[in-house]
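Listed below, chain by chain, are the residues.
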Amino acid sequence: MTREIAYILVEILIGFGSGLMVGAGFVAFLTVLGIIPRLVQLSKSIEWMNYYQASVIIGAMLGTYLTFTEWTLNIPVLILGFWGLLHGIFIGMLAAALTEVLNVFPILMKRLGIDKELLWLLMAIVIGKIAGSLFQWIIFVDIL
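Residues numbered from 1 in each chain as written. Predicted model: local features only at pLDDT ≥ 70, side-chain atom pairs only at ≥ 80, totals over all residues. Heavy atoms only, no water.

Within an unreviewed UniProt entry, the label attached to the protein reads Stage V sporulation protein AB, and the organism entered is Gracilibacillus salitolerans.

**Some thoughts on the overall build of the protein**
Scanning the protein from N- to C-terminus turns up six helices and zero strands. Reading the helices (α) and strands (β) of the protein from amino to carboxyl end gives α-α-α-α-α-α. Computed over C-alpha atoms, the radius of gyration of the protein comes to 20 Å, more than 25% over the 15 Å expected from 2.2 N^0.38 for 144 residues, which places it beyond the range of a compact globule. Dimensions of the protein, computed from the C-alpha atoms along their principal axes, are close to 70 × 40 × 35 Å. Pairs at least 24 apart in sequence give 46% of the contacts found in the protein among residues at least 6 apart. Surface accessibility of the protein: about 12,200 Å² in total, with carbon and sulfur atoms responsible for 74%. Side chains of the protein carry 7 positive and 8 negative charges; the gap between the two charge centres is 15 Å. (Helix = DSSP H or I, 4+ residues; strand = E, 2+ residues; numbered from the N terminus. Rg over C-alpha atoms; globule rule 2.2 N^0.38 Å. Contact = heavy atoms within 4.5 Å. Areas by Shrake-Rupley, 256 points an atom, 1.4 Å probe, with all protein chains shown as cover. Lys, Arg positive; Asp, Glu negative; His and termini not counted. Charge placed at Lys NZ, Arg CZ, Asp CG, Glu CD.)

**Remarks on a nonpolar patch on the surface**
Together, Leu119, Met123, Val126, Ile127, Ile130, Leu134, Phe135, Ile138, Ile139 and Phe140 make up an exposed nonpolar region whose accessible area comes to about 1,100 Å². Checked against the element boundaries, leucine 119 lands in helix H6 (residues 118–140). (Patch = residues over 30% accessible without salt bridge, like charges linked within 9 Å, V, L, I, M, F, W, Y side chains within 5 Å. Salt bridge = Lys/Arg side-chain N within 4 Å of Asp/Glu carboxyl O.)

**Examining the UniProt feature "transmembrane region" (unreviewed entry) in the protein**
Here the UniProt-annotated "transmembrane region" (unreviewed entry) positions come out as residues 6–36, 48–68, 74–98 and 118–139. Structurally, residues 118–139 is divided into 100% helix and 0% strand, and its ends, taken at the C-alpha atoms, are 31 Å apart. (UniProt positions renumbered as here; feature names shortened; annotations may be inferred.)

**Re helix H2 (residues 35–43)**
One turn of an α-helix holds 3.6 residues; hence residues three or four places apart share an orientation. The complete set of buried residues in H2 reads Ile35, Ile36 and Val40. All buried residues of H2 lie within an arc of 135° about the axis, which places them on one face of the element. The exposed set on the far side of H2, more than 90 degrees from its buried face, consists of Gln41 and Leu42. Positive phi shows up at lysine 44, right after H2, with a value of about 50°. (Buried < 20%, exposed > 50% of the residue type's maximum accessible area, 1.4 Å probe, protein only. Arc of directions from axis to C-beta.)

**Points about the packing of H2 against helix H3 (residues 49–68)**
One way to put it is that H2 packs onto H3 with a least axis distance of 10 Å and a crossing angle of 140°. With respect to each other, H2 and H3 are oriented oblique. In this structure, H2 crosses over H3, and the sense of that crossing is right-handed. Listed contacts from H3 to Ile36, Pro37, Leu39, Val40 and Ser43 of H2 are Met49, Tyr52, Gln53 and Val56. (Axes fitted to C-alpha atoms, helices over the stretch in contact; angles between N-to-C directions. Parallel < 35°, antiparallel > 145°, perpendicular 65-115°, else oblique. Left-handed = near helix turned anticlockwise from the far one by under 90°.)

Shown next, in the form of structure tokens:
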């Protein structure tokens, strides 16, 4: 019995520590990339800054809650599609911010000698992302 309690306590400790590390990494990732300040700068909406920050915090907390519970949302497919669109926009912004910070495309273009094919490269990435997302949602997710 004490061995089972020790295992449970170790699992709790590992889970809590892992959660702290992932959360800290997520916050550091958003901070380094400067997604929220860049979004405010592009949209010229400094007065909404607190709402942007609150939405990221609430979204992370809600996502964590929904991940660890059996609770599900029974929402219409149209709203679910809109929710998926918002997820795609967020992931796209993360990828765009990462490439902007790291200057991946200019370095890649120069090394591979594909300066004139940048549009094709970007379209291949976008279409690949869309195809992968559709594959996941159509094959692996049981919506109905």
